[in-house]
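This is what each chain is made of:
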Amino acid sequence: MTDMLGRLRQAQAYYDQSLPPNGGGVIPPVPPANNVVTEAAWGFEDGTVAGWTDDLGNTLANSTAHAASGTHSLAVTSVSPSGAFVTQVFVGAAPGNYRLSYKGYTTIPDGTLESEIEWQDATHNWTGNITPSVVLDMLPDRWGTYIADVTAPANTAEAWIKLNIHFGASPAGSIIYIDEIALVPVP
Ligand SMILES: [Ca+2]
C-alpha cells in the first residue's frame with residue numbers, strides 16, 4: 001500500500017504560471033527552510049553554477065539577464081535538440097514526502113520542463129527512482145514554477161535531482177533560465 005501511495009504521489013506535477021511576468025530583479029531571494037538543495041544551488045546568487053552539470057553537452061552559465069528572485073539565475077543554452085539534463089546529487093535527504101520545485105523563464109515558444117529524482121542510500125546505491133511522467137509547457141516571457149510532489153523510499157540518504165529541460169524545435173543557442181531549485185520535506 002505504501003508503494004501504491006508512493007506511486008500515486010509520483011504522478012503529481014504541475015506548472016504554476018501565476019508569477020509576475022518579469023519575475024525577479026526586485027524580489028529578494030529567501031531560500032525555503034529545510035531545503036535539501038544548498039543556498040547557492042537554489043538561487044545562484046553567488047555567481048556560479050553551484051555544482052550543477054548537464055549530461056547532454058549543453059552550456060550552463062550563471063546569468064544576470066533574468067532572475068526569479070535576487071539578480072542571478074542558471075542559463076541553460078542549447079547545443080542540440082535533445083534538450084538538457086541538469087543534474088546534481090545532494091546529501092541529507094531522508095525517507096519521506098518532499099516537494100520538488102524549480103522556476104523557469106524563456107523567450108522561446110516551445111520550452112518544456114520535466115524532472116526526475118534518483119534516491120540513493122548512504123553508499124550511493126539506488127533505492128528508488130521518482131519520475132513524475134509529466135512534461136509541462138512553459139509560457140514564454142514570464143517565470144513559471146514546475147512543482148512535483150514525490151516520496152523518498154526507505155534507506156534514502158541522498159537525492160540525485162535531474163531537471164529535464166527541453167527546447168522543442170527552437171534552434172541551437174536557445175536559452176532557458178532556471179532559478180529557485182528546491183527539494184523540501186512536506187508532511
Ligand atoms: Ca536567483
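Note that this is a predicted model, so its numbers are computed, not measured. Numbering of residues starts from 1 in every chain and runs along the sequence as written. Predicted model: local features are reported for residues with pLDDT of at least 70 only, side-chain atom pairs are reported and counted for 80 or more only, and whole-chain, interface and lining totals are derived from all residues.

**Quick notes on the overall build of the chain**
At step 1: Numbering goes from the N terminus for both helices and strands, where a helix is a DSSP run of H or I of at least four residues and a strand is a run of E of at least two. Within the chain, the regular secondary structure consists of 2 helices and 12 strands.
At step 2: Listed by position from the N terminus, the elements making up the chain come as α-β-α-β-β-β-β-β-β-β-β-β-β-β.
At step 3: Working definition of burial: number of other C-beta atoms within 10 Å of the residue's own, with buried at 20 or more, exposed at 12 or fewer, and partly exposed in between, all C-beta atoms being placed from the backbone. Of all 187 residues assigned to the chain, the portion counted as buried reaches 41%.
At step 4: Think of it this way: build a C-beta for each residue from its backbone, and any pair within 7 Å is a contact. Nonlocal contacts in the chain, meaning residues at least 24 apart in sequence, comprise 77% of its contacts between residues at least 6 apart.

**Examining unusual backbone geometry**
At step 1: Unlike most non-glycine residues, D141 shows phi in positive territory, near 65°.
At step 2: In this fold, D141 is placed in the loop between β9 (136–137) and β10 (144–152).
At step 3: One non-glycine residue, N155, lies in the positive phi region at around 75°.
At step 4: Tracing the chain through its elements places N155 in the loop between β10 and β11 (158–166).

**Quick word on the environment of D149**
At step 1: Along the polypeptide, D149 turns up in strand β10.
At step 2: Each C-alpha atom of the pair D149 and L100 lies 6.3 Å from the other, and the pair is 49 residues apart in sequence.

**Notes on the nonpolar core**
At step 1: Among the nonpolar cores identified, the biggest contains 43 residues, and L74, V76, A159, I178 and L183 are the most heavily contacted of them.
At step 2: Mapped onto this core, the elements with two or more residues apiece are α2 (39–43), β4 (73–77), β5 (84–91), β6 (96–106), β7 (112–120), β10, β11 and β12 (175–185).
At step 3: The greatest single-element share of this core, amounting to 7 residues, is contributed by β12.
At step 4: Residue contacts for V76: discarding those within four places in its chain leaves D54, N58, L60, A84, V86, I165, I175, I176 and I178. Working definition: the nonpolar core is a set of buried Ala, Val, Leu, Ile, Met, Phe, Trp, Tyr and Cys residues, joined through C-beta atoms within 7 Å.

**Things to note about the environment of D141**
At step 1: The class of D141 is partly exposed, set by 13 C-beta atoms lying within 10 Å.
At step 2: In this structure the C-alpha to C-alpha distance between D141 and I108, which are 33 residues apart in sequence, comes to 8.1 Å.

**Description of the pairing of β7**
At step 1: Burial runs high along β7: 8 of the 9 residues are buried.
At step 2: In this sheet, β11 lies alongside β7 in antiparallel orientation, the contact comprising 9 bridges. Its bridge partner being in β11, E114 is matched across the sheet by N164.
At step 3: At least two bridges found by DSSP between two strands is the condition for calling them paired. Taken together, the 4 bridges between β7 and strand β8 (residues 126–130) define a ladder with antiparallel strand orientation. Pairing of Q120 across the sheet is with W126, part of β8.

**Considerations on the pairing of β5**
At step 1: Relative to β5, strand β2 (residues 53–54) runs antiparallel, the two being bridged by 2 bridges. Within β5, the position partnered with D54 by the bridge is V86.
At step 2: In this sheet, β11 lies alongside β5 in antiparallel orientation, the contact comprising 8 bridges. Across the sheet, V89 pairs through a bridge with W160, a residue of β11.

**Observations concerning the confidence of the model for the chain**
In low-pLDDT regions, the fine details of the predicted coordinates are not to be read closely.
At step 1: Confidence in the prediction for the chain averages 86 pLDDT; 86% of positions are at 70 or higher.
At step 2: Per-element confidence in the chain is highest for α2, whose mean pLDDT is 98, and lowest for helix α1 (residues 2–10), whose mean pLDDT is 38.
At step 3: The low-confidence segment residues 1–11 (pLDDT under 50) makes 12 contacts with residues lying over four places distant or belonging to another chain. The predictor rates its confidence in each residue with pLDDT, a number between 0 and 100.

**Focus: the environment of N97**
At step 1: Within the fold, N97 resides in strand β6.
At step 2: Classification of N97 as partly exposed rests on a count of 15 C-beta atoms within 10 Å.

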